[in-house]
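Listed here are the chains, written in short residue letters.
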Amino acid sequence: HAKNRGGHNYQFFNDSMNKNAVRRLQVENQLRLALRNKHIQVMYQPKVSLRNYEFVGLEALVRLNIPGTGVINPSEFIPLAEETGLIIEMGEQVLRQTCRDMRQWVEQGTVQGRVAVNLSAKQFVQPDLTKRIMAILNEEKLAPEYLELEITEGVVMEDPERAIEIMTELNQCGIHLALDDFGTGYSSLAYLKRFPIQTLKIDKAFVDDINGADRDRNMVASIVAMAHNMGLDVVAEGVVNTAQASTLSRLSCEFAQGYLFAEPLSSEAFVQHISVPASIH
Ligand code: C2E
Ligand code: MG
Ligand code: MG
Ligand code: MG
């Protein structure tokens, strides 16, 4: 059909809006293909203590690896996966792969702490979410105590009362919860106090300028103090230099992730990375 249009076809591909549409279709097809073949890739980023830079846990981050094209990042395919509903299947494959890797590492004594998995909006509101997660943990023989789920402020604030119910259910199963990208949404403090969470992750945006404007530093200091008053752990995201790490440490933020310590790594590279003492990274 397209062939018959000849010149129009050429014009079609020169139009940038249509190019975006074509790219979207390509990414969607690749995502479907990867899900069908169970080729979804999971990378792992270490979480470290800011006191001694030692490894304390990890976060699983999904990648879509397309043969011949390279790696597509979540910022491009997660919104698309949400819109098409593919996110449910994707999320389950990521969780399963993560549990499988983690179980092996725990058994071998390679890894301590918890592995964090990000939950999307659509996954979070599934009526049988807890049951599905527990089934995967059970099938992969990983104790729920090794799992932490990261949920963004935006997602929980859509329906905070319902979110509290879901989070309570997950907590009662032994799964820890972290509020991700904190500071970018608009959690009311009244709700924050009621959310059954264990960890607050300070968004990279606050870390970027922590040694610049007083305002950003004061903001982080307040968030850390507030979180500690509520008995929460605090993790800073996106730490890229030692100046940021030492300021965060001075502000009593105890944990961090970021390229300074490690980028997200393949499971093989991750094991290599954490088997080397922190001082010589
Ligand atoms: P997030 O959960 O806040 O993850 C942190 C993001 O920051 C990751 O990007 C990570 O690679 C990146 N990052 C870590 N350290 C640094 C740093 O020092 N500098 C910079 N510039 N970036 C850093 P990534 O992997 O591209 O993921 C982006 C977002 O996509 C995640 O943000 C999360 O919201 C979502 N995501 C990733 N994996 C999954 C998944 O399996 N399921 C769902 N539902 N969402 C996911
Ligand atoms: Mg996260
Ligand atoms: Mg985050
Ligand atoms: Mg983020």
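What counts and how
- One numbering rule holds for all chains: residues counted from 1, following each sequence as written.
- Here the convention is simple: chains get letters from A, ligands get numbers from 1, in the order in which they are written.
- Totals for whole chains, interfaces and linings use every residue, but because this is a predicted model, local features are given only for residues with pLDDT of at least 70 and side-chain atom pairs only at 80 or more, for both listing and counting.
- The side-chain numbers reported here are obtained from all heavy atoms of the structure, hydrogens and water having been left aside.
- Here a donor is an N, O or S atom found within 2.8 Å of the metal, or within 3.2 Å if the metal is Na, K or Ca; sites may look incomplete because water is not among the atoms.
- Each helix is a run of H or I in the DSSP string that is no shorter than four residues. Each strand is a run of E no shorter than two, and both are numbered from the N terminus.
- A fitted line through C-alpha atoms represents every axis, and for helices the fit uses only the stretch in contact; the resulting angles, taken between N-to-C directions, go from 0 to 180 degrees.
- For any pair of crossing helices, the crossing counts as left-handed if the nearer helix is rotated counterclockwise from the farther one by less than a right angle, and right-handed if it is rotated clockwise.
- Between two residues, a contact is recorded if the distance between any of their heavy atoms is within 4.5 Å.
- All residues other than Ala, Val, Leu, Ile, Met, Phe, Trp, Tyr, Cys, Pro, Asp, Glu, Lys and Arg, Gly among them, are scored as polar; the first ten of these are nonpolar and the last four charged.
- Partly exposed residues are those whose accessible area sits between 20% and 50% of the maximum for their type, while under 20% is buried and over 50% is exposed, using a 1.4 Å probe and protein chains only.
- Any two strands with at least two DSSP bridges between them are considered paired.
- Residue proximity to a molecule or strand is established when one non-hydrogen atom of the residue lies within 4 Å of it.
- Pairs of N or O atoms are called polar contacts if they sit within 3.5 Å, as long as, within protein, a hydrogen donor faces a hydrogen acceptor (for residues adjacent in sequence, only side-chain-to-side-chain pairs).
- Accessible surface is estimated by sampling points in the Shrake-Rupley manner with a 1.4 Å probe; for residues, cover comes only from the protein chains shown.
- To pair, rings of Phe, Tyr and Trp, with the six-membered ring standing in for Trp, must have centres within 6.5 Å; the planes then decide the type, stacked if under 30 degrees apart, edge-to-face if over 60, and tilted in the middle.
- Orientation is classified from the angle alone, with under 35 degrees giving roughly parallel, over 145 giving roughly antiparallel, 65 to 115 giving roughly perpendicular, and any other angle giving oblique.
- The term salt bridge refers to a pairing of a side-chain nitrogen on Lys or Arg with a carboxyl oxygen on Asp or Glu at a separation within 4 Å.

**Student:** For this particular structure, what's the right way to read the coordination of the magnesium ion (ligand 2)?
**Tutor:** Six octahedral donors around a metal ideally make angles of 90 or 180 degrees; four tetrahedral donors ideally make 109.5 degrees. Protein ligation of the magnesium ion (ligand 2) involves Glu-59 (OE), Asn-118 (OD1), Glu-150 (OE) and Asp-180 (OD), the donor distances falling in the range 2.0 to 2.3 Å. All donors of the magnesium ion (ligand 2) belong to a single chain; written as a sequence motif, their spacing is E-x58-N-x31-E-x29-D. Distance-wise, the magnesium ion (ligand 3) is placed 4.0 Å from the magnesium ion (ligand 2), both being coordinated by Asp-180. Here Glu-150, found in strand β5 (residues 147-152), pairs with Asp-180, found in strand β6 (residues 176-182); they are 30 residues apart in sequence, far enough to count as distant.

**Student:** Is there a simple way to explain the packing of helix α4 (residues 86-108) against helix α6 (residues 129-139) in this structure?
**Tutor:** Helices that pack against each other are described as a pair by the angle of their axes relative to one another and the distance between those axes. Between α4 and α6, whose axes approach to 9 Å, the crossing angle comes to 35°. The two elements α4 and α6 meet at a crossing, and its hand is right-handed. On α6, the residues that touch Ile-88, Glu-92, Leu-95, Arg-96 and Cys-99 of α4 are Arg-132, Ile-133, Ile-136, Leu-137 and Glu-139. Split by residue class, the contact of α4 with α6 holds six nonpolar, no polar and four charged.

**Student:** Which parts of the structure should I look at to understand the coordination of the magnesium ion (ligand 3)?
**Tutor:** The magnesium ion (ligand 3) binds to the protein through Asp-180 (OD), Asp-181 (OD), Glu-237 (OE) and Glu-237 (OE), with metal-donor distances spanning 2.0 to 2.5 Å. Read from N- to C-terminus, the donor residues coordinating the magnesium ion (ligand 3) fall into the pattern D-D-x55-E.

**Student:** Before we go on, may I ask you to explain the pairing of β6 in this structure?
**Tutor:** The side chains of a regular strand alternate between both faces of the sheet. In terms of residue burial, β6 counts as a mostly covered element, since five of its seven residues are buried. Bridging between β5 and β6 involves five bridges; their strand directions are parallel. From the neighbouring strand, Ile-151 faces β6, where its bridge partner is Leu-179. In the sheet, β6 pairs with strand β7 (residues 199-202) via three bridges, with the strands oriented parallel.

**Student:** What is the right way to look at the site of ligand 1 in this model?
**Tutor:** Around ligand 1 sit 23 residues, and of these Arg-63, Asn-118, Asp-180, Glu-237 and Tyr-259 come closest. Here a nitrogen atom of ligand 1 and a backbone polar atom of Ser-120 are 3.4 Å apart. In the complex, 80% of the free accessible area of ligand 1, which totals 800 Å², lies under the protein chains. Looking at the shell around ligand 1, the element that brings in the most residues is strand β2 (residues 55-66), giving four residues. For the shell around ligand 1, the class distribution of residues is 11 nonpolar, five polar and seven charged.

**Student:** Teacher, can you tell me more about the packing of aromatic side chains here?
**Tutor:** In this description, a pair of aromatic rings is defined by centroid distance and the angle of the planes. Overall, the coordinates contain six aromatic pairs when judged by the stated rule. A ring pair is formed by Phe-55 and Phe-270, whose centres lie 5.7 Å apart and whose planes are at 65°; its orientation type is edge-to-face. One end of the pair, Phe-55, is in strand β2; the other, Phe-270, is in helix α13 (residues 267-274), and 215 residues separate them in sequence. Residue classification places Phe-270 among the buried positions, given a relative accessible area of 0%. Their ring planes at 15° and their centres at 6.1 Å tell us that Tyr-191 and Phe-195 sit as a pair that is stacked. By relative accessible area, Phe-195 is classed as buried at 4%.

**Student:** Explain the environment of Ala-243 to me, please; I cannot follow it from the model alone.
**Tutor:** Mapped onto the elements, Ala-243 comes out in helix α12 (residues 242-250). Accessibility expressed as a relative area gives 38% for Ala-243, which makes it partly exposed. For the pair Ala-243 and Val-276, spaced 33 residues apart in sequence, the C-alpha to C-alpha distance is 23 Å.

**Student:** Even after reading the chapter, I still don't get the pairing of β5, so can you show me in this structure?
**Tutor:** Most of β5 sits inside the fold, with five of its six residues counted as buried. Where strand β4 (residues 115-118) meets β5, four bridges bridge the pair, whose relative direction is parallel. The residue bridging Val-115 from the neighbouring strand is Leu-147, located in β5.

**Student:** Even after reading the chapter, I still don't get the packing of α6 against helix α8 (residues 160-172), so can you show me in this structure?
**Tutor:** Taken N-terminus to C-terminus, the directions of α6 and α8 make an angle of 25°; their axes are 10 Å apart at the nearest point. In this view, α6 runs roughly parallel relative to α8, as classed from their interaxial angle. When you trace α6 past α8, the crossing you get is right-handed. Judged by residue contacts, Leu-129, Thr-130 and Ile-133 of α6 engage Ile-166, Glu-169 and Leu-170 from α8. Tallied by class, residues from the contact of α6 with α8 come to four nonpolar, one polar and one charged.

**Student:** How do you make sense of the pattern of salt bridges when you look at a structure like this?
**Tutor:** Opposite charge on two side chains permits pairing when their charged atoms draw close. For the coordinates displayed, the defined rule picks out 16 salt bridges. For the salt bridge of Arg-32 with Glu-28, the shortest nitrogen-to-oxygen distance reads 2.8 Å. Placement of both Arg-32 and Glu-28 in helix α2 (residues 16-36) is noted, with a separation of four residues, approximately one turn of the helix. Between Lys-47 and Glu-148 there is a salt bridge, with the nearest N and O atoms lying 3.6 Å from each other. Taken together, the residues Lys-47 in strand β1 (residues 41-49) and Glu-148 in strand β5 connect sequence positions 101 residues apart. Side by side, Lys-47 and Glu-148 carry an identical accessibility label, which is buried. Where salt bridges share partners, they join Arg-96, Arg-100, Glu-139 and Glu-140 into one cluster.

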